[in-house]
Amino acid sequence: MAFAYDAPPPAVVYNAFPWADRDAIDDERHDRDGSGRISLHWVSQTIGPGRGLETLFRALQHVKKPFQVHLRGRCRSDYRTRLEELFPSENEHALYIHELVHPDDLLNRIAEHDVGLALEQYEPESRNRTITNKILHYLLGGLGVVATDTAGQQEVAEAAGDAVRLFSTDDEGGLCRQLRHFARSREALQRAQDEALRAARETFCWEQQVPRLVASVEDTLR
């Protein structure tokens, strides 16, 4: 934007959620299957092709320790059938597809899982350079995160320490390694979850973003 309009670089304000939202987490289990398997969560308005889910399923074929995989969003019946056909259930992984919930309830459902999946693509360029709500919501929910290394998500990872594990888009081997990292060590998973909450509290929450926004407006008005 600065290059295109010959202007100063714009101030960056993360579209983060309030840390205070954690006070209302209900600690209920609506999604998980009670098996004790590590629970992966992915959310978007629409479940469809080109979202990294096919790469996820290919990676899971090479992960022997079973996971439960929870996808949340609107999904056409034909694509749901396709996903169920692709899913590697032979390794005792389990797939669950959930409808969308009210925005006020989304943090509750995110917080009951272990690892959030942010499988963004490099194209279009706007998706590469920006940060989606889901990765910020995962941090606020206290989840470890496995994410593609888009420019935006690299920025989150730099501030989030051990909370975020990166891999290249469509690199099923890289994704497999990051899933195995959590599968092999509950201590690593707990460390990632602790770091997620730290990052959310110190940087990626609305309370930390408000001063940036106010300062930017004041500077402009001056």
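Since we're looking at a predicted model, the values are computed, not measured.

Colleague: Tell me about the side chain of Gln 153, and please be specific about residues and values.
Modeller: Structurally, the position occupied by Gln 153 is in helix α7 (residues 151-160). Beyond its immediate chain neighbours, meaning those up to four positions away, Gln 153 contacts Ala 118, Glu 120, Thr 132, Ile 135, Ala 147, Thr 148 and Leu 166.

Colleague: Please provide a residue-by-residue account of the pattern of salt bridges, values included.
Modeller: Tallied over the entire structure, the rule returns 16 salt bridges. The residue Arg 222 makes a salt bridge to Asp 219 at a minimum N-O spacing of 2.3 Å. The exposure class of Arg 222 is exposed, given its relative accessible area of 71%. In this structure, a network of salt bridges that share partners links the residues Asp 26, Asp 105, Arg 109 and Glu 112.

Colleague: Let's hear about the sheet that holds strand β5 (residues 144-148): which residues, and what values?
Modeller: Paired through backbone hydrogen bonds, the strands of a sheet run either parallel or antiparallel to each other. If you trace the six strands from one edge of the open sheet to the other, you get β3-β2-β1-β4-β5-β6, paired in parallel fashion. The open sheet has two edge strands, β3 (94-98) and β6 (164-167), and neither has a second partner. Adjacent strand axes in the sheet meet at a mean angle of 20° when their direction is disregarded. Note that strand β1 (residues 38-47) and strand β4 (residues 115-118) share two bridges and pair parallel. Across the sheet, His 41 pairs through a bridge with Gly 116, a residue of β4. Sheet strands touched by helix α3 (residues 77-86): β1, β2 (67-75) and β3. Its angle to β2, the strand with the most contacts, is close to 165°.

Colleague: How would you sum up helix α8 (residues 172-184)? Please name residues and give values.
Modeller: Between the first and last C-alpha of α8 there are 18 Å, a value that for 13 residues agrees with the 18 Å anticipated at 1.5 Å per step. Here α8 has its buried residues at Gly 174, Leu 175, Cys 176, Gln 178, Leu 179, Phe 182 and Ala 183.

Colleague: Tell me about the nonpolar core, and name the residues and values.
Modeller: Counting 55 residues, the largest nonpolar core has Leu 56, Leu 71, Leu 139, Val 164 and Leu 179 as the members making the most contacts within it. For Val 164, the residues in contact, after removing those within four places along its chain, are Leu 139, Val 145, Ala 147, Val 156 and Ala 157.

Colleague: If you had to explain the packing of α8 against helix α9 (residues 186-202) to someone new, which residues and values would you point to?
Modeller: Across the interface, α8 lies against α9 with an axial gap of 5 Å and an inter-helix angle of 105°. As summarised for this structure, α8 and α9 are arranged roughly perpendicular, according to the angle between their axes. For the pair formed by α8 and α9, the contact residues are His 181, Phe 182 and Arg 184 on the first element and Arg 186, Ala 188, Leu 189 and Ala 192 on the second. When grouped by side-chain class, the residues that make up the contact of α8 with α9 number four nonpolar, one polar and two charged.

Criteria and cut-off values
Residues numbered from 1 in each chain as written. Predicted model: local features only at pLDDT ≥ 70, side-chain atom pairs only at ≥ 80, totals over all residues. Heavy atoms only, no water. Helix = DSSP H or I, 4+ residues; strand = E, 2+ residues; numbered from the N terminus. Contact = heavy atoms within 4.5 Å. Salt bridge = Lys/Arg side-chain N within 4 Å of Asp/Glu carboxyl O. Buried < 20%, exposed > 50% of the residue type's maximum accessible area, 1.4 Å probe, protein only. Pairing = 2+ DSSP bridges. Axes fitted to C-alpha atoms, helices over the stretch in contact; angles between N-to-C directions. Expected span 1.5 Å × (residues − 1). Core = buried A, V, L, I, M, F, W, Y, C linked by side-chain atoms within 4.5 Å. Parallel < 35°, antiparallel > 145°, perpendicular 65-115°, else oblique. Nonpolar A, V, L, I, M, F, W, Y, C, P; charged D, E, K, R; others polar.

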